[in-house]
Amino acid sequence: MSNFSRQVRLSSNLIRDVHYRISRSFTIECHRPTIIHKKGVDIIHNPWYNKGTAFSMTERDRLELRGLLPTNVQTVEQQIDRFKTDLKKIEMNARDGDTASLAKWRILNRLHDRNETMYYKILINQITEYAPIVYTPTVARVCQKYSGLFRRPRGMYFSAADRGEMMSMVYNWPSDQVDMIVVTDGSRIMGLGDLGVQGIGIAIGKLDLYVAAAGINPQRVLPIMIDVGTNNETLLKDPRYLGLQEHRLEGEEYVSIIDEFMEAVFNRWPHVIVQFEDFQAKWASTLLNRYRNTYRMFNDDVQGTAGVAVAGLLGAVRAQDKMMIDFPKQNIVVAGAGSEGVGVLKAARRTMARILGNNKHAFKSARSQFWVVDVNGLITEERTNVSDDIKPFARKTKEITRWGLKEGATLLEVVQEVKPDVLLGLSAVGGLFSKEILEAFRGSTSTRPAIFALSNPTTNAECTPEEAFSIVGKNIIFASGSPFKDVDLGGGEIGYSNQGNNMYLFPGIGLGTLLSGARIISDGMLQAASECLSEYMTEDEVHKGIIYPPISRIRDITKAVAAAVIREAIDERLAEGYREMSYRDLKRLNKEEILMHVENNMWQPDYPTLIYNNRRTFKHNLQGIRE
Ligand SMILES: NC(=O)c1ccc[n+]([C@@H]2O[C@H](COP(=O)([O-])OP(=O)(O)OC[C@H]3O[C@@H](n4cnc5c(N)ncnc54)[C@H](O)[C@@H]3O)[C@@H](O)[C@H]2O)c1
Ligand SMILES: O=C(O)C[C@H](O)C(=O)O
Ligand SMILES: [Mg+2]
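Not measured: the values here are computed from a predicted model.

Visitor: Provide a residue-level description of the layout of surface pockets, including the pertinent values.
Guide: Quantified by volume, the largest pocket comes out at close to 1100 Å³. Along its surface, the largest pocket is lined by 50 residues, and Ala337, Gly338, Ser339, Leu426 and Ser427 are the ones closest to its centre. Secondary structure elements with two or more residues in the lining of the largest pocket: helix H11 (200-214), helix H14 (281-291), helix H15 (300-319), helix H16 (339-355) and strand E8 (370-374). Among the elements that take part in the lining of the largest pocket, H14 stands out by supplying five residues, more than any other. Residue classes in the lining of the largest pocket are distributed as 18 nonpolar, 22 polar and 10 charged.

Visitor: Run through the site of ligand 1, naming residues and quoting values.
Guide: Around ligand 1, a shell composed of 26 residues is seen, among which Arg188, Thr305, Ala337, Glu340 and Asn502 lie nearest. Separating an oxygen atom of ligand 1 from a side-chain N or O atom of Glu340 is a distance of 2.8 Å. When ligand 1 is considered free in solution it has 870 Å² of accessible area, and contact with the protein chains removes 84% of it. At a threshold of 2 Å from the grid points, most atoms of ligand 1 map onto the largest pocket. For the shell around ligand 1, the elements supplying multiple residues, two or more each, are H15, H16 and E8. Residue contributions to the shell around ligand 1 reach at least three from each of two domains, namely domain 1 (153-295) and domain 2 (304-502).

Visitor: Go over the sheet that holds strand E11 (residues 450-453), please, and point to the residues and values.
Guide: If you walk across this open sheet you meet the seven strands as E9-E8-E7-E10-E11-E12-E15, and the pairing is mixed. Among the strands making up the open sheet, the edge pair consists of strand E9 (377-378) and strand E15 (497-499). Together, strand E7 (332-335), E8, E9 and strand E10 (422-425) form the strand contacts of helix H19 (residues 411-418), whose direction differs from that of E8 by roughly 165°.

Visitor: Describe the pairing of strand E4 (residues 221-227), and please don't skip the residues or the numbers.
Guide: Counted residue by residue, E4 has seven buried out of seven residues, so it is predominantly covered. Residues Val221, Pro223, Met225 and Asp227 of E4 are buried on one face, and the alternating residues Leu222, Ile224 and Ile226, pointing to the opposite face, are buried as well. Pairing between strand E2 (residues 156-159) and E4: four bridges, direction parallel. Counted as the bridge partner of Ser159 is Asp227 from E4. In the sheet, strand E3 (residues 180-184) pairs with E4 via five bridges, with the strands oriented parallel. In the sheet register, Val182 faces E4, and the bridge partner there is Pro223.

Visitor: An account of the coordination of the magnesium ion (ligand 3) is needed here, citing residue identities and associated values.
Guide: At this site the magnesium ion (ligand 3) is bound by Glu277 (OE), Asp278 (OD) and Asp301 (OD), with donor distances of 2.0 to 2.1 Å. Sequence positions of the donors to the magnesium ion (ligand 3) reduce to the motif E-D-x22-D. With a gap of 23 residues between them, Asp278 in the loop between strand E5 (273-276) and H14 and Asp301 in helix H15 connect regions that are remote in the sequence. Like Asp278, the residue Asp301 is buried in the burial classification.

Analysis parameters
- Residues numbered from 1 in each chain as written.
- Chains lettered and ligands numbered in written order.
- Predicted model: local features only at pLDDT ≥ 70, side-chain atom pairs only at ≥ 80, totals over all residues.
- Heavy atoms only, no water.
- 1 Å grid on protein atoms, 1.4 Å probe; cavity = no way out; pocket = protein on both sides within 12 Å on 5 of 7 lines; lining within 4 Å.
- Points joined across faces, edges and corners; volume = space filled by probe spheres on them.
- Helix = DSSP H or I, 4+ residues; strand = E, 2+ residues; numbered from the N terminus.
- Nonpolar A, V, L, I, M, F, W, Y, C, P; charged D, E, K, R; others polar.
- Near = heavy atom within 4 Å.
- Polar contact = N/O pair within 3.5 Å; in protein donor to acceptor, adjacent residues only side chain to side chain.
- Areas by Shrake-Rupley, 256 points an atom, 1.4 Å probe, with all protein chains shown as cover.
- Sits in = over half its atoms within 2 Å of the grid points.
- Domains from an automatic or database assignment.
- Pairing = 2+ DSSP bridges.
- Contact = heavy atoms within 4.5 Å.
- Axes fitted to C-alpha atoms, helices over the stretch in contact; angles between N-to-C directions.
- Buried < 20%, exposed > 50% of the residue type's maximum accessible area, 1.4 Å probe, protein only.
- Donors = N, O, S within 2.8 Å, 3.2 Å for Na, K, Ca; no water.

Below you can see the structure in the form of structure tokens.
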């Protein structure tokens, strides 16, 4: 046999082997029974294994459940039907929408505590209806009321009082396998400010989306609260508050606690991915820069939001029938210079520079497309006390005099003079885009002016879609951080209300990182995620004004984002493989095969077959052996 044909045979064998591994990992994950060491009521009281009335008669015999459940065996569909009838009644009897949403959250939360498989089946199948309950906006109300709503703990809590103990405390968590941690210190929960320990709610909500959108196994997610006190004076005085009633730790003391936490979780779960969530601006970037080259971590608010915003900005350019090369010509006014605003500004500038040739000059010139307005008005070089991140975006006095503007000019003045293509809000100020400002925005020189009212929750949105479409015009592009209904523009026309939320990226970033086994999460991987989102919508959709997918497609977009992240991790040689799929195997997969690999590794909400085994050393269970 010639060398050439030997090589061809060898490589086709290898490819067959990789295909075998892709389908094998799927078969194993889906069909391997779950080995448990429990019987009887202990199973019913464990949300990971409980199937309620869906336990079959043979299972009831095998697991000593006979007589512990009503006789009638139900299908999961019948169970869900019963649950939803109950939910509907609650909705009908509620005083108002807010009460109804909180009541629904309570009922769903109780189901989460009882039967995880059914909980996630409902969430996945009806994501459009229930994401606004387990995620924004209702989760914000839940965080505000958390101390009163608390019934059972979920996740882990580390406090300033646990210094020196964290390395051993992490072993109190029952699972040897944790893939995804979302951690918060509660210091800036959405646009609601410091909610202290009550912020754990957002970590739980984000992880619900990791399961529902990315198919991360719910037994391998861990929400974490680092309670270093709170500066919220109301909570400090509230006798019902469940967190440390001290002012927040600051400086070195604070950083040393976060350092200890990172060491502890990575020591127990070396392959875990940690998502930082809702840390106040003062710490968000500092901690990101401190850890991003050492640990598998990212900051969802800074990096995820930036990626989603840039994808939306590119979508708005496509909607104008323009080419990508036109993006660096867009004039963008950003209201809000916190960690989110900064993240978006930096990412949008980098994208413009790349389009212009990725050189120093392009990067330098791209800065002049942005106008940044914070609580004190337009930021110029005359401003003292601006962060190093914002400095490059401070307008030069010479430049702005040309526009008739000055340091501290109001948002209204900036919009009137600049006539921007895009008005983007990350200010956490509800209604900031007032009638006057929206009227001024009618003067935009763009053929399709775009409004991004990205602050959360709903009450913090800078404006509503009704206000935007009715004041600025039918032709605009609109996106908000929390969900709003589309607007009926009359004559059969619809004003599309896009949800520009980081939920379209973080699940895919996490899943892609996990399956690639990348050592760190690079800028390139984040960029790949954002580009994937921006290319996801069809020309037809974009022309209608739909620049983000509907939430009903979140599992599909997450799959595509994860695949893009894996491909980039391979290209950058950061991937190390995951389980049966080594780096070498991954490298051999083509685009479609990577997508298939991602899909096959997404957890499905199906009741597993449970097998009792009393030998605690039995270690071949991919679902994880749990007590
Ligand atoms: N859509 C998403 O996916 C997404 C993601 C992350 C954060 N957010 C939202 O972004 C918002 C901001 O978060 P943050 O962490 O940057 O907050 P932050 O408190 O750090 O920053 C707020 C910024 O807004 C500025 N501001 C306040 N009042 C203003 C006014 N009247 N005019 C102009 N600017 C004003 C402040 O000076 C500050 O620069 C929050 O509501 C959060 O929920 C949305
Ligand atoms: O939580 C959200 O809905 C988005 C974002 O992470 C936020 O902080 O507002
Ligand atoms: Mg957040």
